[in-house]
Every structure is written in structure tokens, then in C-alpha cells.
Amino acid sequence: MAERLERPNGRMLILMTAATIGFGLLQGARLVDVNFGPYSASPLALWGLAVDGAVFLAVAALSYAGKIEGWRSLFLAGAVSSAAYVFMAAFAPDDMAMLALMQTFAGLGWSLNILCWMTVFVSYRSRYALPMIAVGYVINVCVQPLSSMLVPYDKAFLVAMLFVSIVLLRICLASNEFVALSMRETLIPRTSLSEAFSRTRRAVAGACVFSLVCGFVIQSDLSMRAMGYSQTDTTAGIALVVAVAMTIVLIVFRVDKADLDYAFPIASVFIASAVLVRSTGIFDPSVAGSLMTVTLISFYVLLWLMLVSEARERMLPPFLLLGAALGVARLSIAAGRGAFVVLRDFGIAIDGLVDVVALWALVAASSLISFAYLKASSRYRQEERLAECGSAGVGQILSTAKEARMECAVSNGVQEPLVACGSSRQALGSCSSHDLPAGSCGRDMGFESMDAELKRIPESAFEKNATAFDEAARRFAFSQRETQVMREYAAGRSARYIAEWCMLSEHTVKTHIRRAYAKAGVHSRQEFLDAIERVESDLLHRGR
């Protein structure tokens, strides 16, 4: 295994720079693309957004079911779709069927490329990944003013940005395993699984509400005022200030875990302010539009920061969280724009109602999200009070685990917890997941002397067991997901536990176990453990 990096070396710095630039160019190209996106006035832009959101949700569902484990098929499909979109956009087809096909390719290309970038950033430690995303945000918002100063907007500029971004994405994905091995670290989740689910649900709810409101207002501006404020220098200037401030905070405070709960009230205030500016008429409506656009983009960046840190901390499939959240957000924007079109077509007088509807939707949504947050916080505080059981709790067990030098084995960019040995391994796994109160973990599972038991195990026992399992997984040609599932299964955990921890369906976990059994030529957990012991004996016999 590669040694843990205290500071990125030369190759790592090059990869980090390539990832940051490539991600920023992709987002910038999407922002200035007049044929597709939340701010496009194209006749079938809603169809493209719907395809975009549906692809995100479909990939998340396939990842949950264990059908997608690697990035290669997604990258290839994204690159081909982007090329097809660019080719069709160059000829500007007038036929509605061809326009619909062009928007379909656009939705496929943008969403799949974004998901592949998610795979890249999850491989980095959050301390590095979060500032990289923020700097990518800076590059994103600088694309439009730079393009207007250097060259007038044309399709060649968009094609160039997309081409460079996809090339850099391929380079980063090819080096993803190297990055993951170099950036390995022992991660103990800071929150319970139920708390992580609760936070993710609030993030998805917030993305849904803010996207719905912004989509409604954007469509009203496009339909009634023919405003295109997303590509203006005002929008870029406001966004640049926000992006730089966000980057400075992440670097100075060395943030390694983002909490989106703080973003909900801030985003609500800014969007409400933008709506009020529109209604008062003090400023030009385009200023309000720029403020709302910046708020929505910044909220998405915060969503990225939270989901990247959450996915890395909990060793989740890279496509799952972001696919679900962005899928809901894209569909919500399309729904908001579509709602305005429907109301307009029915002849409802909407001009004076846009601001009122938007404000009340924000008030109702923010109240519900705040109530859910307070309720969840109250429950967590009760759990923490129950967990105050003395010095024999989680903290002591985790410190012992660190003394035992437990590492995280990494397979193809996804971290996997080390399988220790025997009963200590099971108790440690249950405590580290925080599914049980701190003081009760050892007693409930019958391991009151966990600390002493771990201290009696030689340090080499942990390393030897991990080496044996890794060698067994290599010999049996386990896939990435089979390796992760069988590592937990060999530790004595149930299929239901593994399904909840890895965010997979229980049926999917059992399918992985059956396939692994077939590859290893065994029929039970005990036979599988015996096979690992035989591999360990072979390693010892060879002097390893």
C-alpha cells in the first residue's frame, strides 16, 4: 500500500489542479450555454432539464441496486452524448423532433459528466476536495466575463471548454485509484446513520424548494420580460465575490465536513431579498435576477460540499447522494418553469402574483425544514445524553483502534473498513457506526473488556488479516462492491446491517454475497473464513 501523504506531492498537485480546472470549465460551459440549462429560453429547455434530472435519479437508483460500480461506462456515455449534443447544436436544427433529441443528448452529457467528477472529488480527502470545488466555482463564474472580454460568445468557445473539461476528466479518472490510495485515512463517522439520512433528506428538500421557486421566477422573467440575466457581468461579479469568500473560509478554517443546515436560512433570506427587490422596483429587475441566480448556484455548491464529505466519510457509492439530490433539483427547476407556463396558458393573471407565490413558498418550505431540523436536533441531544456512560465508551474504543493502527483499505477509489478479527472486530464496527449509545455498545454485545482485548492483540494481527483478505479478494477476482460487502460480511455483520451501512438494498447485498461465494467456491460464511485462513497460511509460508 502507498504511504499516507502528509502533503500532496508534485503528481498530486498536478492532478488536483487538473481536477479543479476541468470541473470549473464544465460548470462554466453549462452556465453560458444558451441552448440548455435552467436559464435557457430554448423551446424544449424544459425537456432537457427533465432528462437531466431523470438521468441523475436513474444513476442513483442503479448505484443503490449495485448495478453501477465503476466510472468507465458513465464516462463513455457522457462523452459521446456531449459530442452528439455539440454536433447537433452546431447545425441548430429547426425541427421539433431534432430539437428534442438535441436536448436529450445535452441532459445525458451534462449529468453523466457531473457524476464522474463526483467520483474524482470523493477520492480526495475532504480537506483538499472542498477547497478544490470552491476554486472550481470561482473558475465557473469567471468564464462568462472572460469570454466576453477575449472573444465574443460563439459555439467554438463552448466546444473548446467542453473538450478540455472532458480530457481533464479522463486523466483524473485514470489516476483515481492512485489518488484514493494516497489519500487513505481512517474515518470514523461523526454522526449516526439516522442523522446522516435526516440531514440528506433536508438537503434534498431544500434543493427541491429553492429550485422550484427559482424555476418559477426564471420562467416569468423569460416569458414576460425576455430577461437573460444568467450570462450578465452583474451575475458574474456577485458570484465571484461569493465564490472567493467561500474559498477563503474553506482554506483558512481547513474545513473537512460541510453542514448544509446552515445554508438553508441564508439561502432563504437571499432569495426572498431578490424577490422583494423585484417587487419594489428600486433596482432593475435584472439585479434581482442576478442575485437569485447566484444564490441558487451557491446553494448547489454547498450541496456538493456536503455530499462529497458525507460520501467519503461513510464510504458510500459516489453516485448515490449527488444523483438523488441533483436529480430532484433539476426536476424541480423544470417543474417550476412548467408551472408558470401552465398558469400562463390558462390565462391566469400572473404578473402581480409571481412575487407573492415565491415568497409564500419560501416561507412555508423554510418553516418546514427548520421544524424538521429542530425535531432532529432534539432527538440527537437525547441520544447524546443516553450515551454519556463513562470512560469505557466509544472514545476509548476508538483511541485503542488508532493505537492498533487500523487503516482503511481502498479499492478503485472507494474506501473500505479494515476487517479486524474475532469478536473485537464486531464490537468495534458497531461502535464506530454510532448505531448504539457509547457506553452500551460493549455491554450489549458482551464485550465489556473490549479495550483490554484489543490491547492484547499484536499490531501485526490487524495488518496480517487485512493483507490476507486483500489477497483473497484478488485471487477470487471480486469486484469492487463484492470486496466491500464481503469484507463486512466476513466481520460477522448481517446482510441488513451491510445494506443500511452501504446504502444498498438487502437483495443487492445478498446477490453480491452469492456471487462472491461462487467465485470463491464456498457455500457459507465459515467456509469463506476458512478460505481466507488458507490464503493467510500461504502468505506466511512464502515469508510474508
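This text follows the structure it describes.
A brief structural summary. (Residues numbered from 1 in each chain as written. Predicted model: local features only at pLDDT ≥ 70, side-chain atom pairs only at ≥ 80, totals over all residues. Heavy atoms only, no water.)

**Some thoughts on the environment of Leu99**
Alright, step 1. Within the secondary structure, Leu99 sits in helix H4 (residues 96-122).
Alright, step 2. Each C-alpha atom of the pair Leu99 and Leu44 lies 7.0 Å from the other, and the pair is 55 residues apart in sequence.
Alright, step 3. Apart from the residues within four sequence positions on either side, Leu99 is in contact with Leu44, Pro93 and Asp94. (Helix = DSSP H or I, 4+ residues; strand = E, 2+ residues; numbered from the N terminus. Contact = heavy atoms within 4.5 Å.)

**Considerations on the packing of aromatic side chains**
Alright, step 1. All chains considered together, the criterion is met by 13 aromatic pairs.
Alright, step 2. Residues Trp71 and Phe75 carry aromatic rings whose centres are separated by 6.3 Å and whose planes lie at 80 degrees to one another, so their mutual orientation is edge-to-face. Here Trp71 and Phe75 have matching classes, each one buried.
Alright, step 3. Here the aromatic rings of Phe87 and Phe91 are separated by 5.0 Å at their centres, their planes lie at 65 degrees, and the arrangement is edge-to-face. Taken together, the residues Phe87 and Phe91, both in helix H3 (residues 72-91) and 4 residues apart, mark about one turn of the helix.
Alright, step 4. Taken together, Phe23, Trp117, Phe121 and Trp304 form an aromatic cluster joined through their ring pairs.
Alright, step 5. The ring of Phe178 is capped by Arg11, whose NZ or CZ atom sits 3.8 Å from the centre of that ring. (Phe/Tyr/Trp six-rings, centres within 6.5 Å; stacked < 30°, edge-to-face > 60°. Buried < 20%, exposed > 50% of the residue type's maximum accessible area, 1.4 Å probe, protein only. Lys NZ or Arg CZ within 6 Å of the ring centre and 35° of its normal.)

**Some remarks on the side chain of Arg125**
Alright, step 1. Checked against the element boundaries, Arg125 lands in the loop between H4 and helix H5 (126-150).
Alright, step 2. A distance of 3.4 Å separates the side chain of Arg125 from the backbone oxygen of Met183, its partner in a polar contact. (Polar contact = N/O pair within 3.5 Å; in protein donor to acceptor, adjacent residues only side chain to side chain.)

**Brief notes about a nonpolar patch on the surface**
Alright, step 1. A surface patch of nonpolar side chains, amounting to about 530 Å² of accessible area, comprises Leu240, Val244, Ile248, Val249, Val252 and Phe253.
Alright, step 2. Topologically, Leu240 is positioned in helix H9 (residues 233-252). (Patch = residues over 30% accessible without salt bridge, like charges linked within 9 Å, V, L, I, M, F, W, Y side chains within 5 Å. Areas by Shrake-Rupley, 256 points an atom, 1.4 Å probe, with all protein chains shown as cover. Salt bridge = Lys/Arg side-chain N within 4 Å of Asp/Glu carboxyl O.)

**Focus: the packing of helix H19 (residues 480-490) against helix H20 (residues 495-502)**
Alright, step 1. The N-to-C vectors of H19 and H20 enclose an angle of 135 degrees; their axes lie 10 Å apart at closest approach. Viewed along their axes, H19 and H20 adopt a mutual orientation that is oblique. Every pair of crossing elements has a handedness; the one defined by H19 and H20 is right-handed. Residue-level contacts link Gln484, Val485, Glu488 and Tyr489 of H19 to Tyr497, Ile498 and Cys502 of H20.
Alright, step 2. Split into classes, the residues belonging to the contact of H19 with H20 amount to 5 nonpolar, 1 polar and 1 charged. (Axes fitted to C-alpha atoms, helices over the stretch in contact; angles between N-to-C directions. Parallel < 35°, antiparallel > 145°, perpendicular 65-115°, else oblique. Left-handed = near helix turned anticlockwise from the far one by under 90°. Nonpolar A, V, L, I, M, F, W, Y, C, P; charged D, E, K, R; others polar.)

**Digging into the environment of Gly336**
Alright, step 1. Within the fold, Gly336 resides in helix H12 (residues 318-345).
Alright, step 2. Residue classification places Gly336 among the buried residues on the basis of a relative accessible area of 1%.
Alright, step 3. Gly336 has contacts with Leu212, Gly215 and Phe216, leaving out every residue within four places of it along the chain.

**Topic: the pattern of salt bridges**
Should their charged atoms come close, side chains of opposite charge can pair.
Alright, step 1. Going through the model one piece at a time under the given rule, you end up with 13 salt bridges.
Alright, step 2. Of the charged contacts, one joins Arg475 and Asp538 as a salt bridge, the two residues approaching to 3.1 Å between their closest N and O atoms. One end of the pair, Arg475, is in helix H18 (residues 459-475); the other, Asp538, is in helix H22 (residues 525-541), and 63 residues separate them in sequence.
Alright, step 3. What makes Asp538 partly exposed here is its relative accessible area of 35%.
Alright, step 4. As a salt-bridge pair, Glu506 and Lys510 come within 3.7 Å of each other at their nearest N and O atoms.

**Considering H20**
Alright, step 1. Most of H20 is tucked away: 6 of the 8 residues are buried.
Alright, step 2. By the burial criterion, the buried members of H20 are Ala495, Tyr497, Ile498, Ala499, Trp501 and Cys502.
Alright, step 3. Looking one or two residues past H20, Met503 carries a phi angle of roughly 55 degrees, positive in sign.

**Quick notes on empty space enclosed by the protein**
Alright, step 1. The tally for this structure, following the rule as stated, stands at 6 cavities of 30 Å³ or more.
Alright, step 2. When its volume is computed, the largest cavity comes out at roughly 330 Å³.
Alright, step 3. If you list the elements that add at least two residues to the lining of the largest cavity, you get helix H1 (10-32), H5, helix H11 (285-314) and H12.
Alright, step 4. If one sorts the elements of the lining of the largest cavity by residue count, H11 sits on top with 5 residues.
Alright, step 5. In terms of residue class, the lining of the largest cavity is made up of 13 nonpolar, 3 polar and 2 charged. (1 Å grid on protein atoms, 1.4 Å probe; cavity = no way out; pocket = protein on both sides within 12 Å on 5 of 7 lines; lining within 4 Å. Points joined across faces, edges and corners; volume = space filled by probe spheres on them.)

**Re the nonpolar core**
Alright, step 1. By size, the foremost hydrophobic cluster in this structure holds 120 residues, and its most contacted members are Trp117, Phe121, Tyr124, Tyr137, Phe210, Phe299 and Trp304.
Alright, step 2. The biggest single contributor to this core is H11, with 14 residues.
Alright, step 3. With sequence-adjacent residues up to four places away left out, Phe121 is seen in contact with Ala19, Phe23, Ala129, Met132, Ile133, Trp304 and Val308.
Alright, step 4. Residues Phe469, Ala490, Trp501 and Ala531 belong to the second largest nonpolar core, which totals 29 residues. (Core = buried A, V, L, I, M, F, W, Y, C linked by side-chain atoms within 4.5 Å.)

**So, the layout of surface pockets**
Any empty space left between the atoms is revealed when a probe the size of a water molecule rolls over them.
Alright, step 1. Taken as a whole, the second largest pocket encloses approximately 580 Å³ of empty space.
Alright, step 2. Lining the second largest pocket are 23 residues, with Met246, Ala263, Ile266, Ser298 and Leu302 sitting closest to its centre.
Alright, step 3. Of the residues forming the lining of the second largest pocket, the biggest block, 7 residues, is contributed by H11.
Alright, step 4. The residue makeup of the lining of the second largest pocket, split by class, is 19 nonpolar, 2 polar and 2 charged.

**Digging into the side chain of Ser63**
Alright, step 1. Here Ser63 is to be found in helix H2 (residues 45-64).
Alright, step 2. Residue classification places Ser63 among the buried residues on the basis of a relative accessible area of 1%.
Alright, step 3. Leaving out residues up to four positions away in the same chain, Ser63 has contacts with Ile68, Pro317, Phe319, Leu320 and Leu504.

Shape is all these values report; function is a separate question.
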